[in-house]
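# Reading the structure
The primary structure of each chain is shown beneath.
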Amino acid sequence: MPSSDQHAAAPARTTVGIIGAGPAGLLLARLLHNAGIDCVVLESRDRAYIEQRQRAGILEQGTVDVLRAAGVGERMDREGLPHDGIELRYDRRSHRIDFPSLADGRRVLVYAQSEVVKDLVPRQLADGPPLLFDAEVVEVAGVDPGSDASHARIHYRRPGPRGPGREESRPTAGLSCDYVIGCDGSHGVSRAAVPAALRTTYERAYPYSWLAVTAQAPPVYRELIYAHSTRGFALASMRSAEVSRLYLQVPNGTDPVDWPDARVWDELDARLAIDADPGRRLGRGPITAKSVLSMRSWVMEPMRYGRLLLAGDAAHIVPPAGAKGLNLAVADVVELSRALVQRHVTGSTERLDAYSATCLRRVWRAEHFSYTMTELLHTAPAQTPFQTRLQLSQLDRIAHSRHAAAELAENYTGLPIAPPSPYAS
């Protein structure tokens, strides 16, 4: 049976309607709550699903600072794993990139997206605005900038009462709001409310995927390892001091069933091998999850259509090699919170009007970095020896040029994020 928070009542009217209870939607709700702006969060899944969903695990310095300022950083600071660098492996050699010395003291934190959600949900349910689970949004109306409607409207369905001998019903409800914020990801309904003729999409699909593995095995290496190999890319990461998160480049269309555990471990050892430490192997343990992640770069412009504003994966997707997805979403909602608070306090829509252009400058910077990291480290199916030598030449430049290493470190640790609105309490 669902818990009582699954079926909390919703008001018929609010200032901001947020679609999606991932990190972006939940953080925006927290920032608006702290600033005294009412909102409602609608999530199509149940609480257990969103708290277990595995996604990103690297938080930039700016993201860490925002979560602390929002009042949800206590467990993150206690359990997160600070990292001061990454290791690049190529041509059976290794080179460490030291972030603080190259990026003005900035570092990153290993703390899974699911943990961020677990920190935000209880705060939202305890003292924040309504968070409605199992609320399937079916339509967003009244957002057209040319509309004479005084408000936007979100139509959604929730489970109705059950009775003996009858199936569960899902009656439709409506939520009126001044603004609708689409934080419902790449498969959500929000962006469909933007007419096709008024949106432009840019996309790059990559000719390979990642086999993602979670294992009950302590990480052998203290920092992330990004490995270029003639066998394909590999990444050794972690979720905690006891759990490893590991990735292998695989062909598109790969079935995880074709990768039994022993094959996964053997291939990781082969791709991570270096001449300076040829006998070192990953600590093996039970593999608890295995999936294949497709890879693409995707941006939709603009990120605003009248009363509808998009954030995070609803507006842009990055391949995971740059560790930018969650961090871009945080930057989006911080800018959104500042714009909405400005409008609430002063009546000015200046920041709201500039929202799309402001965010897209950062988005395209992150897209470029993620694309560059992806192309640099992966071996394409039809890759020529010439292209491989170009990759190795660039990796060697990063290893021997402080300027090139600093460029990587500054992008990886992230562009600065403005603090939450100065009007917030």
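Since we're looking at a predicted model, the values are computed, not measured.

Turning our attention to the overall build of the protein chain. The secondary structure content of the protein chain amounts to 11 helices and 21 strands. Relative to a compact globule of 425 residues, whose C-alpha radius of gyration would be 22 Å, the protein chain shows 22 Å and is just as compact. For the protein chain, the spread of C-alpha atoms along the three principal axes comes to 65 × 55 × 45 Å. Residues counted as buried form 55% of the 425 residues belonging to the protein chain.

In this structure the tally under the stated criterion is 33 salt bridges. Linking Glu-60 and Lys-324 is a salt bridge whose minimum nitrogen-to-oxygen distance equals 2.5 Å. Of this pair, Glu-60 sits in the loop between strand E3 (58-59) and helix H3 (61-69) while Lys-324 sits in the loop between strand E21 (316-317) and helix H8 (325-346); the two residues are 264 residues apart in sequence, bridging distant segments of the chain. What makes Lys-324 buried here is its relative accessible area of 4%. One salt bridge connects Arg-93 with Asp-91, and the closest N-O pair in it is separated by 3.5 Å. The class of Arg-93 is partly exposed, set by a relative accessible area of 36%. Overlapping salt bridges bring together Glu-74, Arg-75, Arg-78, Glu-79, Glu-115, Lys-118 and Asp-119 as one network.

The biggest cluster of nonpolar side chains holds 80 residues, and the ones touching the most others in it are Ile-18, Leu-27, Leu-42, Leu-59, Val-180 and Ile-181. Among the elements that line this core, the one with the most residues is H8, at 11 residues. Core analysis: the second largest hydrophobic core is formed by 37 residues, Leu-88, Tyr-247, Ala-323 and Leu-376 among them.

Our focus in this paragraph is unusual backbone geometry. Across the chain, the bulk of peptide bonds are trans and the bulk of non-glycine residues have phi less than zero. Pro-302 follows Glu-301 through a cis peptide bond whose omega is -5°. Mapped onto the elements, Pro-302 comes out in the loop between strand E18 (296-301) and strand E19 (304-305). Positioned with a positive phi, Asp-91 is a non-glycine residue whose angle comes to about 50°. Since its relative accessible area comes to 43%, Asp-91 is described here as partly exposed. Non-glycine residue Arg-92 carries a positive phi angle of around 60°. Position of Arg-92 among the secondary structure elements: in the loop between strand E5 (85-90) and strand E6 (93-98). For Arg-92, a relative accessible area of 40% gives the class partly exposed.

Two residues of an α-helix separated by three or four positions point the same way, owing to the 3.6 residues in each turn. Helix length check: helix H10 (residues 385-400) (16 residues) gives 22 Å between terminal C-alpha atoms against 22 Å at 1.5 Å per residue, within 8%. Of the positions making up H10, those classed as buried are Thr-388, Gln-391, Leu-392, Leu-395, Ile-398 and Ala-399. The arc enclosing the buried residues of H10, seen along the axis, measures out at 115°, which places them on a common side. H10 presents Phe-386, Arg-389, Leu-390 and His-400 as exposed residues on the side facing more than 90 degrees away from its buried surface. Next to the buried residues of H10 lie E5, E6, helix H9 (350-377) and helix H11 (402-413).

Next up on the list: empty space enclosed by the protein. Tallying each qualifying case throughout the model produces five cavities of 30 Å³ or more. Approximately 100 Å³ is the volume found for the largest cavity. Elements with a minimum of two residues in the lining of the largest cavity: H8, H9 and H11. Considering each element in turn, the lining of the largest cavity owes the most residues, four residues, to H9.

For the rest of this paragraph, the subject is the packing of aromatic side chains. The tally for this structure, following the rule as stated, stands at eight aromatic pairs. Measuring from ring centre to ring centre gives 5.3 Å for Phe-99 and Tyr-412, while their planes differ by 25°; the resulting arrangement is stacked. Taken as a pair, Phe-99 in helix H5 (residues 99-102) and Tyr-412 in helix H11 lie far apart in primary sequence, 313 residues in all. The burial state of Phe-99 is the same as that of Tyr-412; both residues are buried. Consider the rings of Trp-210 and Phe-233, whose centres lie 5.3 Å apart with planes at 20°: the pair is stacked. One end of the pair, Trp-210, is in strand E13 (residues 209-215); the other, Phe-233, is in the loop between strand E14 (224-227) and strand E15 (234-238), and 23 residues separate them in sequence. Grouping residues by exposure puts Trp-210 and Phe-233 together as buried.

In this structure, the second largest pocket occupies an estimated 290 Å³ of space. Ala-112, Glu-115, Arg-239, Ser-240 and Val-243 are the residues nearest the centre of the second largest pocket, which is lined by 14 residues in total. Of all the secondary-structure elements, those providing two or more residues to the lining of the second largest pocket are helix H6 (113-127) and strand E17 (287-293). Of the residues assigned to the lining of the second largest pocket, the class counts are five nonpolar, six polar and three charged.

Turning next to the sheet that holds E6. Within a beta sheet, neighbouring strands are joined by backbone hydrogen bonds and run either parallel or antiparallel to one another. Strand order in the open sheet formed by seven strands is E6-E5-E14-E15-E16-E13-E17, and the pairing between neighbours is mixed. With one partner strand each, in any of the chains shown, E6 and E17 form the two edges of the open sheet. Averaged over neighbouring strand pairs, the angle between their axes works out to 20° when direction is ignored. The sheet contact formed by E15 and strand E16 (residues 244-250) spans five bridges and is antiparallel. Bridge pairing in E16 links Leu-235 to Tyr-247. H10 contacts E5 and E6 of the sheet and is inclined by roughly 140° relative to E5.

Once that is clear, we can look at H9. Taking 1.5 Å as the rise per residue, H9 with 28 residues should run 40 Å; its terminal C-alpha atoms sit 41 Å apart, in good agreement. Considering bend angle alone, the principal kink of H9 is centred on Ser-356 and spans about 40°.

Rules behind the numbers
Residues numbered from 1 in each chain as written. Predicted model: local features only at pLDDT ≥ 70, side-chain atom pairs only at ≥ 80, totals over all residues. Heavy atoms only, no water. Helix = DSSP H or I, 4+ residues; strand = E, 2+ residues; numbered from the N terminus. Rg over C-alpha atoms; globule rule 2.2 N^0.38 Å. Buried < 20%, exposed > 50% of the residue type's maximum accessible area, 1.4 Å probe, protein only. Salt bridge = Lys/Arg side-chain N within 4 Å of Asp/Glu carboxyl O. Core = buried A, V, L, I, M, F, W, Y, C linked by side-chain atoms within 4.5 Å. Expected span 1.5 Å × (residues − 1). Arc of directions from axis to C-beta. Contact = heavy atoms within 4.5 Å. 1 Å grid on protein atoms, 1.4 Å probe; cavity = no way out; pocket = protein on both sides within 12 Å on 5 of 7 lines; lining within 4 Å. Points joined across faces, edges and corners; volume = space filled by probe spheres on them. Phe/Tyr/Trp six-rings, centres within 6.5 Å; stacked < 30°, edge-to-face > 60°. Nonpolar A, V, L, I, M, F, W, Y, C, P; charged D, E, K, R; others polar. Pairing = 2+ DSSP bridges. Axes fitted to C-alpha atoms, helices over the stretch in contact; angles between N-to-C directions. Bend = angle between axes of the 7 residues up to and from the residue.

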